[in-house]
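Spelled out, the chains give:
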Amino acid sequence: MAGRPRPQPHSPSSSTRRRERWLVVLGVALHAVYMLSIFDIYFKSPIVHGMDPVPPRLSAAPAKRLVLLVADGLRADKFFEPDERGRYRAPFLRGVIEEKGRWGVSHARPPTESRPGHVSLIAGFYEDPSAVTKGWKANPVEFDSVFNQSRHTISYGSPDIVPIFCSRVPHSTWDTYPHEYEDFATDASFLDHWSFDQFQGLLNRSFHDVKLRQLLLQDKLVIFLHLLGCDTNGHAHRPYSSIYLNNVKVVDQIAESMYNLMENYFKDNQTAYVFTADHGMSDKGSHGDGHPSNTDTPLVVWGAGIRSPKFLAYTEKPDDGFRFVDDHKHDAPTPQDWALEGFERVDVNQADISPLMATLVGLPCPVNSVGSLPTQYLKLSKADEVEAVLANTKQILNQFLRKSQLKQSSSLYFKPFKPLANYSSVLSQIEDLISERDYETAMKHSEELRKMALAGLHYFQTYDWFMLMTTITLGYIGWMVNLILHVLQSYTSFPAILLKKAQLYPKNTSMKVYIGGCFFMCLSSIILLLEKSPVLYHAYVFMTIFLWTRIVHNFEFLKAVWREFSNMPFKYALNLLISSAIAVLVLEFLVMSFFDRKIYTWCFLVLGILGSTYVAFFIEASPALAIYIWLACWFLSVFTLMPAEIPENNNLVILSGALIILIAVASRWANSNCTSFWLYLTRANKRDSQSSKLYFAQVILVAISSIMVWLSTSHRSQNRELHSLHQLINWSVAGAAMVLPLFSPPSVLSRLTSIFLGFAPPFLLLSIGYEAVFYSAFSMVLIGWIFVESANLYCSEESGSARRRSLVDGSVFAYEERHLQLSDLRIPLLFVILFNVAFFGTGNFASIASFEISSVYRFITVFSPFLMAGLLIFKLFIPFMLVICTFSAITKIVRIPRLGCYFLVILLSDVMTIHFFFLVRNTGSWMEIGNSISHFGIVSAQVVFVLLLFALTNIYTRDIVVSSRQLTARKVM
């Protein structure tokens, strides 16, 4: 693809076409297989089975029973801060903090949702990443919990939470309210009362039921009340509403009632109480991400086995580098309005609460727990405290040893976690220190061993990452090198140059290369089979070896190309380096744009200046064209500053209809121009007498669609339904409009204007706001791209032509594609930019939920998920189809092979694919995790997506006729 002074004609052979079909099939298979790799890398379950529980060797359990109260969706600040009158919303629990127990903030790890939060609290580990494949609902893998270890568990609450932990626990008594109770239109605090009332009723029944009373009087009893009111009221009314804030008072009253009920029933002071929340609530009434309003939840612990309040003056401590799972600092200052600075605050990670609860009732920590026991809450002797921490350490160490054992049993070359190579001697040393009653040193060693065991768990969770990521990355690089080789061999002048210089490589080595590739495949397959690797591991390795085998097969050609490049003048090498650097820089900006749409604003502000400057000074075209390019780019730059959630504004939709007609009139005027570069776009054929009628018919359809936007919306807003006549007209206008471009004149500007008018009615009828104006701005930029390419070609042909030849109306000659040049890289690069603008110009294509369902209400209002989703997706595809049509027209104008440009587009997209491969997340909110997967999926799927759009738009662009200073060409694809 190196620059050559004189472009040569190019016509692909049948063998090239056959090779390209196989290359496309290979690309589809590769991207499909490699897309699955993220689930083997990022979303592999951390849970292992086969470990034995480790009961703490305590002299006596601190408590006989445990009460866990979880106020779902309760924010820490709303719980601790006073109301507008200066009164605290939770007077009972505040009294507990000041007089009876300990307190702190529990830090939740995103996704801050109900299921992950309760798994963390009760089972002690953070949500299984593989649950993303099941929507975070079902248990992808069974796990241990405090409820499993208990002698009996009693639980009441939500049908979405309680069954997760109790449905398969035989020693449990539980019940849930119906889903219908979760009504967002009411005050949901009654749900909290329901849970308490059920437990109170159970205690009342025990006075007449001997077996039930015996069950309640046994030790290791766990009682769990799930209080959903704050979560439901937060979603429905926001966390600053009076209903939500009153619900904080309700959960405090239930905590007080529960305490009084338990103490009056048992009368033995052997009950421990834990009050906390699974997650908070944002000001918008949502949760899921890592904002402090979602991750910070209150923790109040009191009762048997809990230390009394510790009074101390707050002193600012230096940052010790420790971070909680939500990335908050260790010793964060307590807000002054909480008025709790004098009471020691002990913050914990949410998973730390599980070993705390287990230790309180003398239970082993759940075997899958990764929580660290917060000893500052426990009132234990020094010996018992060390034994509790040691049991917690052994439980985490057992997970590490089990993972190490499983990996070693299936690895030919096992790499152990070296820091824990002598773990047994460390355990022996801790036991000796306990025997010598050196509890302080034993505690220090236990905590260090626990920390190293947690690091070891992470080591084995990511054990295969290096191999898999290296294989996938090498595979993508091999695929891109194969694309470059194909483009060089099939679409550039290199093969002809090398043939003249007799530098073509011999073909008798190809068999040896492929035999070598098969040998490596067989060897890798044997190794993977011996290591009991999943089937997909074989597919990843086979694909990578196959791609690099093809590269080795073309090694002589690569050497010849390198020699040719080496012999070129320095300016060609410099141009290659600069072009490659600019392309990579642009692609990195596009990667950033997936996270911040505003980057496109800066992109088009710069493009407007650069484009107009280039046209004015280098092409020396009409000043009007330079001004048009500048205005079109700056007009489009506005839209990525607007919110992704499109506000409804029908006046903008109607105004856009008028703007579309105005643009079509201007294009019609340009179509009648017969000077300079306009000839490429307008004079390929004689004027069709029917073209004017077709043009006016399309303009009328755009006008009708604008009127129907107003009529349909007005009638629906008044009568709450879509008029059947309006529905019929809308469907008919949209359908007819998309057929008419097929009958338009085949000259470039006429056909593209007709396509622009043809897709305008369905887009307007599917629009609710500013996205309708985006359609016009986007089309103006696309037309400007064609103008610039035509002007550039006109000037290059004018300067390179020794003689002047006039265009003859109706002259049509054989279409000849020229070879690709380095400068042609601008066309696929601009295509990738505009294609991504179509993705994110008016929303977040990565999440279809970001598009408003009311867009389809002018076509259908009766719920039909497939038809509604189809209409919505069709609306999103319309800008892509405009880009593809423009791209096809430009490849004909400059006479370069469209399929060659397609391979360059895939090459550029895969540079982004590799970047997104490393940006996939398995932590964070559901949206953050889902978006990272969809970003990777979107760019991976472009090999198929773009090809399908090429096929769809080919019915509009296949007979486009292009003029030249030397010839008029027609190509039927």
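Residues numbered from 1 in each chain as written. Predicted model: local features only at pLDDT ≥ 70, side-chain atom pairs only at ≥ 80, totals over all residues. Heavy atoms only, no water.

Our working definition: UniProt positions are given in the numbering used here, feature names are shortened, and annotations may be inferred rather than shown by experiment.
As recorded in an unreviewed UniProt entry, the protein goes by the name GPI ethanolamine phosphate transferase 1, listed as coming from Urochloa decumbens. According to the UniProt record, the Pathway (unreviewed entry) comment for the protein reads "Glycolipid biosynthesis; glycosylphosphatidylinositol-anchor biosynthesis."

### Here we look at the overall build of the protein
Under the convention used in this document: Under the scheme used here, helices are H or I runs from DSSP no shorter than 4 residues and strands are E runs no shorter than 2 residues, and both carry numbers assigned from the N terminus. Here the term buried applies to any residue with accessible area under 20% of the maximum for its type, exposed to any over 50%, and partly exposed to those in between, with areas from a 1.4 Å probe on protein chains only. Between two residues, a contact is recorded if the distance between any of their heavy atoms is within 4.5 Å.
The helix and strand inventory of the protein stands at 34 helices and 13 strands. Per-residue burial for the protein yields a buried fraction of 56% across its 973 residues. Sequence separation of at least 24 residues holds for 81% of the intrachain contacts in the protein that already meet a minimum separation of 6.

### Details of the pattern of salt bridges
When the charged atoms of two side chains lie near each other, side chains of opposite charge can form a pair. Worth spelling out the cut-off: Each salt bridge in this description consists of a side-chain nitrogen of Lys or Arg and a carboxyl oxygen of Asp or Glu lying within 4 Å of one another.
A complete count under the given rule lists 23 salt bridges for this structure. The partner of E98 in a salt bridge is R94, and the shortest N-O contact between them spans 3.7 Å. Of this pair, E98 and R94 both sit in helix 3 (residues 91-99), four residues apart, which is roughly one turn of that helix. Among the residues examined, R94 registers a relative accessible area of 9% and is labelled buried.

### A word on the sheet that holds strand 2 (residues 65-71)
As a reminder, the rule being used: Two strands pair under a simple rule: DSSP has to find at least two bridges between them. Every axis in this analysis is a line fitted to C-alpha atoms, fitted for helices over the stretch in contact. Angles between the N-to-C directions lie between 0 and 180 degrees.
If you trace the eight strands from one edge of the open sheet to the other, you get 5-4-6-2-7-8-3-9, paired in mixed fashion. The sheet terminates laterally at strand 5 (172-176) and strand 9 (348-349), the two strands that pair on one side only. As defined by bridge partners, strand 7 (residues 271-276) adjoins strand 8 (residues 296-303) across five bridges and the pair is classed as antiparallel. Across the sheet, F275 pairs through a bridge with V300, a residue of strand 8. Of the strands in this sheet, strand 2, strand 3 (102-107), strand 7, strand 8 and strand 9 are in contact with helix 12 (residues 353-360), which crosses strand 7 at around 165 degrees.

### A look at the side chain of N482
Here is the rule: By the criterion applied in these results, polar contacts are pairs of N or O atoms within 3.5 Å in which, for protein atoms, one can donate a hydrogen and the other can accept it, and in which residues neighboring in sequence qualify only through two side-chain atoms.
Relative to the helices and strands, N482 resides in helix 16 (residues 465-491). A distance of 3.0 Å separates the side chain of N482 from the side chain of R550, its partner in a polar contact. Beyond its immediate stretch of four places on either side in the chain, N482 contacts L547, R550 and I551.

### Considerations on the packing of helix 1 (residues 14-41) against helix 32 (residues 898-917)
Just so we agree on the cut-off: Should an angle fall under 35 degrees it is taken as roughly parallel, and over 145 as roughly antiparallel, whereas 65 to 115 is taken as roughly perpendicular and any remaining angle as oblique. Residue polarity follows a fixed list, in which Ala, Val, Leu, Ile, Met, Phe, Trp, Tyr, Cys and Pro are nonpolar, Asp, Glu, Lys and Arg are charged, and the others, Gly among them, are polar.
Interhelical geometry of helix 1 versus helix 32 gives an angle of 10 degrees and a closest axis separation of 13 Å. Relative to helix 32, the element helix 1 is oriented roughly parallel. For the pair formed by helix 1 and helix 32, the contact residues are R17, E20, L23, V24, H31, S37, I38 and I41 on the first element and L899, Y902, F903, D910 and F917 on the second. The residue makeup of the contact of helix 1 with helix 32, split by class, is eight nonpolar, two polar and three charged.

### Some remarks on unusual backbone geometry
Residues other than glycine predominantly adopt negative phi, and peptide bonds predominantly adopt the trans conformation. In this model, P110 is joined to P111 through a cis peptide bond whose omega is 5 degrees. Among the structural elements, P111 can be located in the loop between strand 3 and helix 4 (114-123). At R238, a residue that is not glycine, the phi angle is positive and equals roughly 80 degrees. Looking at where R238 falls in the secondary structure, it is placed in the loop between helix 9 (229-237) and helix 10 (242-266). R238 gets classed as partly exposed once you look at its relative accessible area, which sits at 29%.

### Topic: the packing of aromatic side chains
Using the following cut-off: Each pair of aromatic rings taken from Phe, Tyr and Trp, with Trp reduced to its six-membered ring, is defined by centres within 6.5 Å and is described as stacked if the planes are under 30 degrees apart, edge-to-face if over 60, and tilted in the remaining cases.
In total, this model carries 60 aromatic pairs according to the counting rule given. Centroid distance Y902 to F950: 6.0 Å. Interplanar angle 75 degrees. Geometry classified as edge-to-face. Here F950 lies in helix 34 (residues 942-957) and Y902 lies in helix 32, a separation of 48 residues in the sequence. In this structure F950 comes out as buried when scored by relative accessible area, which is 6%.

### Brief notes about the pairing of strand 7
Regular strands place their side chains on alternate faces of the sheet. Buried residues dominate strand 7, accounting for six of its six residues. The alternating pattern of strand 7 places T271, Y273 and F275 on one face and A272, V274 and T276 on the opposite face, and all of these are buried.

### A closer look at the pairing of strand 3
Most of strand 3 sits out of view: six of its six residues are buried. Note that strand 3 and strand 9 share two bridges and pair parallel. Of the residues in strand 9, the one forming a bridge with H107 is N349.

### Topic: helix 28 (residues 748-765)
What counts is decided by this rule: Every helix has an expected span of 1.5 Å times one less than the residues it contains. The angle between axes fitted to the seven residues ending at a residue and the seven residues starting there is what we call the bend at that residue.
With 18 residues, helix 28 extends 27 Å between its outermost C-alpha atoms, agreeing within 8% with the 26 Å of an ideal straight helix rising 1.5 Å per residue. Its maximal kink placed at F759, helix 28 deviates by approximately 30 degrees, while the proline P761 follows within four residues. With 18 of its 18 residues buried, helix 28 lies for the most part within the structure.

### Overview of the nonpolar core
The condition that has to hold: Only buried residues count toward a nonpolar core. Its members are Ala, Val, Leu, Ile, Met, Phe, Trp, Tyr and Cys residues joined through side-chain atoms within 4.5 Å.
In terms of nonpolar packing, the biggest core is built from 140 residues, with W479, L636, Y775, F778, F831, F835 and M912 touching the most fellow members. Sorting elements by how many residues they give to this core places helix 29 (residues 771-800) first, with 16 residues. Those residues within four positions of W479 in sequence are excluded, and the remaining contacts are L23, L26, G27, L30, H31, L547, I906 and D910. By size, the runner-up hydrophobic cluster in this structure holds 62 residues, among which are A63, V146, I396 and L397.

### A few points about a nonpolar patch on the surface
Let me state the cut-off plainly: Exposure above 30% relative accessible area and no salt bridge define the residues that can form patches, which grow by joining like charges within 9 Å and nonpolar side chains of Val, Leu, Ile, Met, Phe, Trp and Tyr within 5 Å. In short, Shrake-Rupley with a 1.4 Å probe defines the accessible areas, and a residue's cover is counted only from the protein chains shown.
Residues L412, Y413, F519, F520, L523, I526, I527 and L530 make up a contiguous nonpolar surface patch of roughly 860 Å² in combined accessible area. By relative accessible area, which is 53% here, F519 ends up exposed.

### Examining the environment of V248
On the secondary structure map, V248 appears in helix 10. Setting aside its immediate chain neighbours within four residues, V248 contacts L74, K78, F79, R89 and C230.

### A look at the confidence of the model for the protein
Defined as follows: The predictor reports its confidence for every residue as pLDDT, a score running from 0 up to 100.
When the pLDDT values of the protein are averaged, the result is 85; 86% of them are 70 or greater. pLDDT under 50 marks residues 801-815. Its contacts with residues more than four places away, or in other chains, come to 26 contacts. Note that pLDDT drops below 50 for residues 846-851; the model gives that stretch 18 contacts with residues more than four away or on any other chain.

### Some remarks on the packing of helix 1 against helix 16
To keep it simple, the criterion reads: Left-handed describes a crossing whose near helix is turned anticlockwise from the far helix by less than a right angle; the clockwise case is right-handed.
Contact geometry of helix 1 with helix 16 gives a least axis separation of 11 Å together with a crossing angle of 165 degrees. By the criterion of interaxial angle, the relationship of helix 1 to helix 16 is roughly antiparallel. Classified by chirality, the crossing of helix 16 by helix 1 is left-handed. For the contact of helix 1 with helix 16, the per-class residue count stands at 13 nonpolar, eight polar and four charged.

### Quick look at the environment of E20
Mapped onto the fold, E20 is located in helix 1. In the structure, E20 is positioned 463 residues away from L483 in sequence and 10.0 Å away in space, judged by C-alpha atoms. Setting aside chain neighbours within four positions, we find E20 in contact with H486, Y491, L899 and F903.

### Some details on the state of the cysteines
Definition in use: Throughout, disulfides are identified as pairs of cysteine sulfur atoms within 2.5 Å of each other.
The full count for this structure, using the stated rule, is zero disulfides. This cysteine, C603, is not joined by any disulfide, and C633 carries the nearest cysteine sulfur, 8.5 Å off.

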